[in-house]
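# Summary of structural features
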Amino acid sequence: SMAEGPGAGPRLAELLDTGRRLWEELESGTEPSSGVPAVQDKVRQGLQALRQAEAMVAQLDLFSENEELEEIASADLKFLPLPALLGALTLKQVDLSKRLEHLESARTHFWRFLKLCSSYGLGSFQLPPASPPGEEDTGSPTPGGSAAAQPSLVAMASSRQAKIERYKQKKELENRLASMRSFVEGGQADEDQIREFYTLQIRKWINTSLEEIESIDQEMVILRSRGTAKQPSAPPHGTSRQARTPLKPFILTRDAAQAKVFGAGYPGLPTMTVDDWYEQRRRQGVVSAQSAPRTAPGITDEELQKQQQEKKEEEDDEEALQKARNWDDWKDTHPRGYGNRQNVG
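None of these values were measured; they are calculated from a predicted model. (Residues numbered from 1 in each chain as written. Predicted model: local features only at pLDDT ≥ 70, side-chain atom pairs only at ≥ 80, totals over all residues. Heavy atoms only, no water.)

### Some remarks on the overall build of the chain
A tally of helices and strands in the chain yields eleven helices and two strands. Ordered by position from the N terminus, the helices and strands of the chain form the series α-α-α-α-α-α-α-β-α-β-α-α-α. Intrachain contacts of the chain at a sequence separation of at least 6 include 64% that bridge at least 24 residues. When the accessible area of the chain is evaluated, it comes to approximately 23,600 Å², of which 52% is carbon and sulfur surface. (Helix = DSSP H or I, 4+ residues; strand = E, 2+ residues; numbered from the N terminus. Contact = heavy atoms within 4.5 Å. Areas by Shrake-Rupley, 256 points an atom, 1.4 Å probe, with all protein chains shown as cover.)

### A word on the packing of aromatic side chains
Applying the stated criterion to the full structure yields three aromatic pairs. On the basis of an interplanar angle of 55° and a centroid distance of 5.6 Å, the ring pair of Phe-197 and Tyr-198 is categorised as tilted. With a centroid separation of 5.5 Å and an interplanar angle of 10°, the aromatic rings of Trp-327 and Trp-330 are classed as stacked. You can see Trp-327 and its partner Trp-330 sitting in helix α11 (residues 301-333), three residues apart, about one turn around the helix. (Phe/Tyr/Trp six-rings, centres within 6.5 Å; stacked < 30°, edge-to-face > 60°.)

### Here we look at α11
Between its terminal C-alpha atoms α11 stretches 46 Å, which fits the 48 Å expected from 33 residues at 1.5 Å a residue. Glu-318 marks where α11 bends most, by close to 40°. (Expected span 1.5 Å × (residues − 1). Bend = angle between axes of the 7 residues up to and from the residue.)

### Some details on a negative patch on the surface
Residues Glu-310, Glu-313, Glu-314, Asp-316, Asp-317 and Glu-318 make up a contiguous surface patch of negative charge. Counting through the fold element by element, Asp-317 comes out in helix α11. (Patch = residues over 30% accessible without salt bridge, like charges linked within 9 Å, V, L, I, M, F, W, Y side chains within 5 Å. Salt bridge = Lys/Arg side-chain N within 4 Å of Asp/Glu carboxyl O. Lys, Arg positive; Asp, Glu negative; His and termini not counted. Charge placed at Lys NZ, Arg CZ, Asp CG, Glu CD.)

### Brief notes about the layout of surface pockets
Quantified by volume, the largest pocket comes out at close to 670 Å³. Forming the walls of the largest pocket are 15 residues, and the residues nearest its centre are Pro-128, Pro-129, Leu-210, Glu-214 and Asp-217. Elements with a contribution of two residues or more to the lining of the largest pocket: α6 (153-185) and α7 (191-230). The dominant element in the lining of the largest pocket, judged by the number of residues it contributes, is α7, at five residues. (1 Å grid on protein atoms, 1.4 Å probe; cavity = no way out; pocket = protein on both sides within 12 Å on 5 of 7 lines; lining within 4 Å. Points joined across faces, edges and corners; volume = space filled by probe spheres on them.)

### Brief notes about the nonpolar core
Among the nonpolar cores identified, the biggest contains 54 residues, and Phe-63, Leu-80, Phe-113 and Ile-206 are the most heavily contacted of them. When residues of this core are traced back to their parent elements, those giving at least two are α1 (10-27), α2 (37-60), α3 (82-90), α4 (99-119), α6 and α7. Dropping the residues within four chain positions of it, Leu-80 is found in contact with Phe-63, Ile-72, Phe-113, Leu-116, Cys-117, Tyr-120, Leu-122 and Ile-202. (Core = buried A, V, L, I, M, F, W, Y, C linked by side-chain atoms within 4.5 Å. Buried < 20%, exposed > 50% of the residue type's maximum accessible area, 1.4 Å probe, protein only.)

### Some thoughts on a nonpolar patch on the surface
Together, Leu-252, Val-274 and Tyr-278 give the surface a local cluster of nonpolar side chains, amounting to about 260 Å² of exposed area. As for its placement among the helices and strands, Val-274 is situated in helix α9 (residues 274-283). For Val-274, a relative accessible area of 34% translates into the label partly exposed.

### Description of unusual backbone geometry
In this structure, Asp-61 is a non-glycine residue whose phi angle is positive, near 55°. For Asp-61, the location among the structural elements is in the loop between α2 and α3. Taking relative accessible area as the criterion, Asp-61 reaches 57% and is therefore assigned exposed.

### Observations regarding the confidence of the model for the chain
Mean pLDDT over the chain stands at 81; residues scoring 70 or higher make up 79%. The weakest mean pLDDT in the chain belongs to helix α5 (residues 145-149) at 47; the strongest belongs to α3 at 97. Residue range residues 1-6 is modelled with pLDDT below 50. Its contacts to residues more than four positions away, or to other chains, number eight contacts. Across residues 137-148, where pLDDT falls below 50, the model places one contact with residues more than four positions away in sequence or in other chains. (pLDDT = per-residue confidence, 0-100.)

### Re empty space enclosed by the protein
Enumeration over the complete set of coordinates arrives at one cavity of 30 Å³ or more. What the largest cavity holds in volume is close to 60 Å³. In this structure, the largest cavity is lined by Leu-16, Arg-20, Lys-78, Pro-81, Leu-82, Leu-85, Gln-201 and Trp-205. For the lining of the largest cavity, the elements supplying multiple residues, two or more each, are α1, α3 and α7.

### Section: the pattern of salt bridges
This structure, assessed with the given rule, holds 21 salt bridges. Among the salt bridges present, the one from Arg-224 reaches Glu-104, with a minimum N-O distance of 3.2 Å. Pair noted here: Arg-224 is in helix α7 and Glu-104 is in helix α4, with a separation of 120 residues, a long-range link. What makes Glu-104 partly exposed here is its relative accessible area of 33%.

### Section: the packing of α3 against α4
Contact pair α3 / α4: the axes reach a minimum separation of 7 Å and the direction vectors enclose 160°. With respect to α4, the axis of α3 lies roughly antiparallel. Helix-helix and strand crossings are classified by hand; for α3 and α4 the assignment is left-handed. Residues Pro-83, Ala-84, Leu-86, Gly-87, Ala-88 and Thr-90 of α3 lie in contact with α4, whose contacting residues are His-102, Ser-105, Ala-106, His-109, Phe-110 and Phe-113. (Axes fitted to C-alpha atoms, helices over the stretch in contact; angles between N-to-C directions. Parallel < 35°, antiparallel > 145°, perpendicular 65-115°, else oblique. Left-handed = near helix turned anticlockwise from the far one by under 90°.)

Take a look at the structure:
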């Protein structure tokens, strides 16, 4: 059997220590970037050690949701934060293509730890939902959900107050842990001190887990919205954007007559009428879909009729439009009040 006496085996303690030591080195790391191979090696080694430790804890059945805190041997208490440590190390991985996966996995670790703590009555906190908000399987929205989604100023202020309080507690906890650590690890501490030390460690990890779940949920919302934004914008028929010929600068004119005028003045730039431009883009295969809506897939007879009706109305309007255009052109060349000279005396 793995267990020796009341506590868990030394191999398990060794694995936990390895994982925790690597985690602490990463936290106080001097490496400029978490993507440095040396850093990622530590992350991998730490995760490997902690996963083995986790499997052993499950095998030994060290913790159970229906037992009291007093029933846990003091020496075994230090294994309780294992899932939280696993969650923290999981977040240290840098592969962006797997980011969502890592966030989900880390969240599960943190949540399992919090669930265990809450069943032992450790720490007074509200257990976050088991899955991140916005998951597809959440079913019908809760009544009054929209109102709840709009945090009031009072709620925001109290949550800010709670954060400040949490930060103060965290600092206090860290100081107490630091002062107790050397004599607990040096073997000079008695049973009560050992128990207090590990309980403080658990409380520290409760705070960390609550904070991490909050920021994981926020990051997941961003990643998911990015993911959905990315899909539709993929260019159709596998034509990559790079394949398109870049446009050379030119002067766009309404008709050939204008093209002649502009062409004369700008020897460096070619001129092109709107029709020429469409023709050129059609040859490049860029505007075929937009410029030929009638061949668009999935169009109904009704829509086709509507289009033809619109085209007929456009032709009727063409004359009125031409008049308006002529009038516009005339206004361009004749200043306001031109010709109104009768009253000039």
